[in-house]
Amino acid sequence: MRPKLGLRGLKLEKVLVLTGRDAVKISVASIITAFILFSIFLLLEGANPIEAYGHIFSYAFDPRLGLPTTIHRSTILLFATLAFILPLKAGLWNIGMEGQLYLGTVGAFAVAYAFGNLPSGILIPLMLITAGLFGAIYGAFAGFLKGKLGVNEIVITLMLNLIGYWLLYTLVVGGPWMGIAESQSRPLPASAWAPMIWKVPFTVFLAPAIAVMLYFLFKRSTIGFQVKALGSSQPAAEHAGINPLKISLFVMVVGGALMGLSAYHTWAGDPAFHLIPRPEGYRGIGELTYWGIMVGLICILNPLAAIPAAIFVGSLKEGGTVLVRRLGLTYGLDYVFMGILFLTFVALQFFYRYRIMRVKKKG
Amino acid sequence: MWPFIARCLEVATILLFAGIGELLDQRSGVLNVGIEGLMLFGAASGFITAFHTGSLLIGFIIGTAVGGIFGFLHGLFSITLKVNQIVSAMGIWIFAIGFTTFWADRYSGSTVPLSPRMGNHLSPLFFLAIALVFIVWFILSKTHLGLKIRSVGEDPSVAEATGINVVRTRYPCVVVGGLLGGLAGAFMSLTYLRLWGHLPTDGMGWIALALVLFSMWKPWILLAGALIFGVVWQFGISPELFVPGLGLPLGVCRMFPFIATIVVLIVISTPKFRRKWGLAKPAALGLPYIKE
């Protein structure tokens, strides 16, 4: 049966095979639609959209103003996107990046406080490894439950996020890690600060490198093939001799480790932190990771496309802060933009299944 | 003790509103993992309305209606446009996080008038929630409409062949699910919390989702689950009322409801439970229905 469209001369046709190029077109169309809708929204708020976009991007990419923070936040977002993409390739929804970040934070800071007098060359790798390990343990828990018992990983990872939030809260607010300022942690020792390369922390280069590695993992390796096979059909994958438990564990452990790793970058890579801020502060960074879900989906789970997409969203996030200061708009417009972008993307997913065709007239 | 029990019952009310709506949704074969988003919208719009009009009733009505609109939107995406139901619900949830942050956080710290309470402590809406459990149970298991809803959730193509319109059966369920999600959020911000803070739903919507899975899609088990989690949640908020002199830090107590949710999900996923569960689960849950 062909669904009918109310317009004369047009009809809907089922898409049998979605090509990569079509998927890219849909993603680009959703970004353009979101910009149009957000412009209308800005007009309703009483701002000139062109002027607002000018302010956003000129601030976000100005080396003296927003650029360092844009780079820092985009890197967190890229880590979050990669930690989301890899499990979803295998059909697992990892929305636990927030909790993995918190767990990684616990790991990194525990090492830094315990061995603060070690030289940087030993301390920093140790912190990175522990942060990744803590994130990996979180991921392994959810991956094991999914692979072994089929427990809904969406709910599990979200619950772990909330547990992670309160774990950090317990440690920092009035807990053993409390600093001089109540509800903030003690500062990191100077030997734990991330060394700068060309004025940015070295961890900034780590994220794109991992993105490239993931790209080749999907493209070339056996395990990448197995991940994709499980993602497209579990019965078929099992028939082909793929162990779902092993793959579920693999994607969640690596995803969790990536996000855990980013905890080091988050707090040691930005001189404005060098400690765990008060709960509103670390939650603000934690919430940033949820945009990784959107970035991952819009990139059609392509790790390479995630690099520019994360920079784009990160710059909007950082540049959006000037709307409050320069144009006197209400705080949080950047959040609105991302929400609109996600919704337009969802709506345009319709074209994953159907396309609108012009009916050719006979004769 | 009574004030504490009343608070527990009010948490159960939130979970019941959200859960019973989701249960109806899922019975018709539509999974909405974004209840948290529906609740956020219900909470924010209800709160802002009540704050400006001074009327809790109008707040409740608007909050519920806005929940219904987003329930409808989920239906539009997942039933008509045939988008993956998880992607659609995630979109609505993330949109809710973004939009309510922008829209409602300027009211942080504001309060609304005190809700009328029975015996000074319990909101009468608790009994509405109980009534809804009964109504949904009655409709699902005793009426022709319920049969239609269940058959659409089990096997839409067979249902279609027997003359049931799948789309027209699913839409009302999704919209009612949205309305109830909105009501749950409005109840949370207007009665339970009375105060706006950043993202006030705090994972409650996700617990409601877990409870629906736990209930094996049976309203009475959902009621039992909601009552238990009402106590667990409130224990996390004010443990000293429950066990005087308990020395645990606040943060540790607040983890309890979430740990309990994980434990429950693990238990119901064990093979022993699964045998029963496998029979009860709507077979077409989460699959978009595409006519051939």
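Small disclaimer: the values here were computed from a predicted structure and weren't measured.

Draft legend 1. Spatial organisation of the overall build of chain B. Tallying secondary structure elements over chain B gives 13 helices and 0 strands in all. Tracing chain B from N to C terminus, the helices and strands come up as α-α-α-α-α-α-α-α-α-α-α-α-α. Computed over its C-alpha atoms, the radius of gyration of chain B comes to 19 Å, within 12% of the 19 Å expected for a compact globule of 292 residues. Referenced to the eigenvectors of the C-alpha coordinate spread, the extents of chain B come out at roughly 60 × 45 × 30 Å. Across the 292 residues in chain B, those meeting the buried criterion constitute 54%.

Draft legend 2. Quick look at the overall build of chain A. A count of helical and extended segments in chain A gives 15 helices and 4 strands. Here chain A has a C-alpha radius of gyration of 22 Å; the compact-globule value for 363 residues is 21 Å, and the two agree. With respect to the principal axes defined by its C-alpha atoms, chain A has extents near 85 × 60 × 35 Å. Across chain A, every contact between residues at least 6 apart in sequence was considered, and the portion connecting residues at least 24 apart equals 77%.

Draft legend 3. Region of interest: the interface of chain B and chain A. Each partner contributes to the interface: chain B provides 38 residues, whereas chain A provides 39 residues. At the level of elements, helix H4 (85–104), helix H9 (204–214) and helix H12 (250–269) of chain B are the ones that each hand at least two residues to the side of chain B that touches chain A. Per-element tally for the side of chain B that touches chain A: the top contributor is H4(B), with 12 residues.

Draft legend 4. Seen up close, the nonpolar core. Core analysis: the biggest nonpolar cluster contains 210 residues, and A:Leu82, A:Ala306 and B:Leu15 have the highest contact counts within it. Excluding residues that lie within four positions of it along the chain, A:Ala306 makes contacts with A:Leu78, A:Thr81, A:Leu82, A:Ile85, A:Ala211, A:Val295, A:Gly296 and A:Cys299.

Draft legend 5. Quick look at the confidence of the model for chain B. Of all residues in chain B, 98% attain a pLDDT of 70 or more, and the chain-wide mean is 90. What the predictor reports for the complex is a pTM of 0.92 with an ipTM of 0.91.

Draft legend 6. How the structure looks around the pairing of strand E4 (residues 354–358) of chain A. All names here are of chain A. The buried count for E4 comes to 0 of 5 residues, which makes it a mostly uncovered element. Direction of pairing for strand E1 (residues 10–14) relative to E4: antiparallel, over a ladder of 5 bridges. Within E4, the residue paired with Leu12 across the bridge is Ile356.

Draft legend 7. Region of interest: H4(B). Under the 1.5 Å per step criterion, the end-to-end length of H4(B) is 27 Å for 20 residues, consistent within 8% with the ideal 28 Å. With 17 of its 20 residues buried, H4(B) lies for the most part within the structure.

Draft legend 8. The environment of B:Thr111, seen in detail. Residue and element names in this part refer to chain B. Within the secondary structure, Thr111 is located in the loop between H4 and helix H5 (125–142). Each C-alpha atom, one on Thr111 and one on Pro239, is 24 Å from the other, the two residues being 128 residues apart in sequence. When sequence neighbours within four positions are dropped, the list of residues in contact with Thr111 reads Arg194 and Leu195.

Draft legend 9. Layout of unusual backbone geometry. Residue and element names in this part refer to chain B. With phi around 40 degrees, Leu199 is a residue other than glycine that occupies positive phi space. Relative to the elements of secondary structure, Leu199 occurs in the loop between helix H8 (166–193) and H9. Residue Leu199 is classed as partly exposed on the basis of its C-beta count, with 18 C-beta atoms lying within 10 Å. The residue Met216 is not glycine, and still its phi comes out positive at about 55 degrees. With respect to the secondary-structure elements, Met216 resides in the loop between H9 and helix H10 (219–237). For Met216, a count of 16 C-beta atoms within 10 Å corresponds to the partly exposed category.

Draft legend 10. Examining H12(B) more closely. All names here are of chain B. Between its first and last C-alpha atoms H12 spans 30 Å; for 20 residues at 1.5 Å apiece the expected length is 28 Å, and the two agree. Its axis deflected by about 35 degrees at Phe256, H12 carries its strongest bend there, up to four residues before the proline Pro257. Every buried residue of H12 is listed here: Gly251, Cys253, Arg254, Met255, Pro257, Phe258, Ala260, Thr261, Val264, Leu265, Ile268 and Ser269.

Draft legend 11. Spatial organisation of the packing of helix H2 (residues 35–53) of chain B against helix H3 (residues 56–80) of chain B. All names here are of chain B. Following both chains from N to C, one finds H2 and H3 inclined at 150 degrees, their axes separated by 7 Å at the closest point. In terms of their interaxial angle, H2 and H3 are classed as roughly antiparallel. Of the two possible hands of crossing, H2 and H3 adopt the one that is right-handed. Residue-level contacts link Gly37, Leu38, Phe41, Gly42, Ala43, Ser45, Gly46, Phe47, Thr49, Ala50 and Thr53 of H2 to Leu56, Ile58, Gly59, Phe60, Ile62, Gly63, Thr64, Val66, Gly67, Phe70 and Gly71 of H3. Its residues assigned to classes, the contact of H2 with H3 shows 11 nonpolar, 11 polar and no charged.

Draft legend 12. Here's a closer look at the environment of A:Leu188. All names here are of chain A. Its location among the elements puts Leu188 in the loop between helix H6 (153–172) and strand E2 (196–197). Overall, Leu188 belongs to the buried group, with 23 C-beta atoms counted inside 10 Å. Excluding residues within four positions of it along the chain, Leu188 makes contact with Ala112, Trp193, Trp267, Ala268, His274 and Leu275.

Basis of the calculations
- Residues numbered from 1 in each chain as written.
- Chains lettered and ligands numbered in written order.
- Predicted model: local features only at pLDDT ≥ 70, side-chain atom pairs only at ≥ 80, totals over all residues.
- Helix = DSSP H or I, 4+ residues; strand = E, 2+ residues; numbered from the N terminus.
- Rg over C-alpha atoms; globule rule 2.2 N^0.38 Å.
- Buried ≥ 20, exposed ≤ 12 C-beta atoms within 10 Å, placed from the backbone.
- Contact = placed C-beta atoms within 7 Å.
- Core = buried A, V, L, I, M, F, W, Y, C linked by C-beta atoms within 7 Å.
- pLDDT = per-residue confidence, 0-100.
- Pairing = 2+ DSSP bridges.
- Expected span 1.5 Å × (residues − 1).
- Bend = angle between axes of the 7 residues up to and from the residue.
- Axes fitted to C-alpha atoms, helices over the stretch in contact; angles between N-to-C directions.
- Parallel < 35°, antiparallel > 145°, perpendicular 65-115°, else oblique.
- Left-handed = near helix turned anticlockwise from the far one by under 90°.
- Nonpolar A, V, L, I, M, F, W, Y, C, P; charged D, E, K, R; others polar.

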